[in-house]
Amino acid sequence: MERSVAPRAVVVTSTTASYPAIAPLLALLEEDDEQGAVNLVEAMHSPDNKAIAEGLVETQDFTNAAPIYTTTKTALTRWVRRVAPSSEWAGCGIIINAVGPGMIDTPMIASLTENPSVLAAVTSLLPCGLKNKIASPSQIAQLLHFLVSPSNSFMVGQMIYADGGTPKIRIKSSISGRVFPFEEPQMPLPYGVGGVSA
């Protein structure tokens, strides 16, 4: 980047960065306390539910990694928002942004896309109206290309969701109880200043 006349960086996170996070884990990640975060995750998965017993986290189902995954994506997104306007980044002329893809046609979600009924249920709620379709990697690549190009000269520290309207699915579903029974998303603000409803 030192040799570039228009240095740019982009971080790929996930649309799940807008999902509710595990607050204690998020705090450790934002403090760059890697060992503390590892210790907490291990406690969350201990057979005796040590994390809950010691009051480290609220009662929650941690039998799968989804809450941890979404929390790490939230932390990464907040990091971008925090450092983007800093002297080390924007102050040096380096623009950094983040992209949060939704369901992209990759091996990671093959188990969903290969099941026609699941795919139909998920895509039927997308506000963009693309029934039974999800994005291709090339669609995300085009967005990434713009963000790292000299054409992007004024977008700094932004989180751009490329998810077909997934947050709208979750808001709608929290009312109807269909497919995604998540709460209304909390959108991360710069500098780790909590969140507000979308």
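Residues numbered from 1 in each chain as written. Predicted model: local features only at pLDDT ≥ 70, side-chain atom pairs only at ≥ 80, totals over all residues. Heavy atoms only, no water.

J.: Can you help me understand the confidence of the model for the protein chain in this one?
T.: Reading predicted coordinates in detail is not appropriate for stretches of low pLDDT. For the protein chain, per-residue confidence averages 78 on the pLDDT scale, and 72% of positions sit at 70 or higher. The element-level mean pLDDT for the protein chain is lowest in strand E5 (residues 195-197), coming to 33, with strand E1 (residues 8-12) highest at 97. Predicted confidence for residues 171-198 stays below pLDDT 50, and this span has 53 contacts to residues more than four positions away or in other chains. (pLDDT = per-residue confidence, 0-100. Helix = DSSP H or I, 4+ residues; strand = E, 2+ residues; numbered from the N terminus. Contact = heavy atoms within 4.5 Å.)

J.: Sorry, what's going on with the environment of Asp163 here?
T.: Within the secondary structure layout, Asp163 lies in the loop between strand E3 (159-162) and helix H8 (166-176). For the pair Asp163 and Thr15, spaced 148 residues apart in the sequence, the C-alpha separation amounts to 6.4 Å. What Asp163 contacts, discounting residues up to four positions off in sequence, is Thr15, Gly100, Pro101, Gly102 and Leu126. Engagement of the side chain of Asp163 in a polar contact is seen with the side chain of Thr15, the distance being 2.6 Å. (Polar contact = N/O pair within 3.5 Å; in protein donor to acceptor, adjacent residues only side chain to side chain.)

J.: How should the pairing of strand E2 (residues 95-101) be read in this particular structure?
T.: As a general feature of sheets, a regular strand has side chains that alternate between the two faces. Buried residues dominate E2, accounting for seven of its seven residues. Residues Ile95, Asn97, Val99 and Pro101 point to one face of E2 and Ile96, Ala98 and Gly100 to the other, with burial holding for every one of them. With five bridges joining them, E1 and E2 adopt parallel strand pairing. Bridge pairing in E2 links Arg8 to Ile95. (Buried < 20%, exposed > 50% of the residue type's maximum accessible area, 1.4 Å probe, protein only. Pairing = 2+ DSSP bridges.)

J.: When you look at the nonpolar core in this model, what are you seeing that I'm missing?
T.: As a rule of thumb, soluble globular proteins bury nonpolar side chains together. Among the nonpolar cores identified, the biggest contains 11 residues, and these are Ala9, Val11, Ala17, Val80, Val83, Ala84, Trp89, Ile94, Ile96, Ala98 and Met159. Residues in contact with Trp89, not counting those within four places in the same chain, are Met1, Ala9, Trp79, Val83, Ala84, Ile94 and Ile96. Core analysis: the next-biggest nonpolar cluster, separate from the first, contains seven residues, Ile22, Leu28, Ala37 and Leu40 among them. (Core = buried A, V, L, I, M, F, W, Y, C linked by side-chain atoms within 4.5 Å.)

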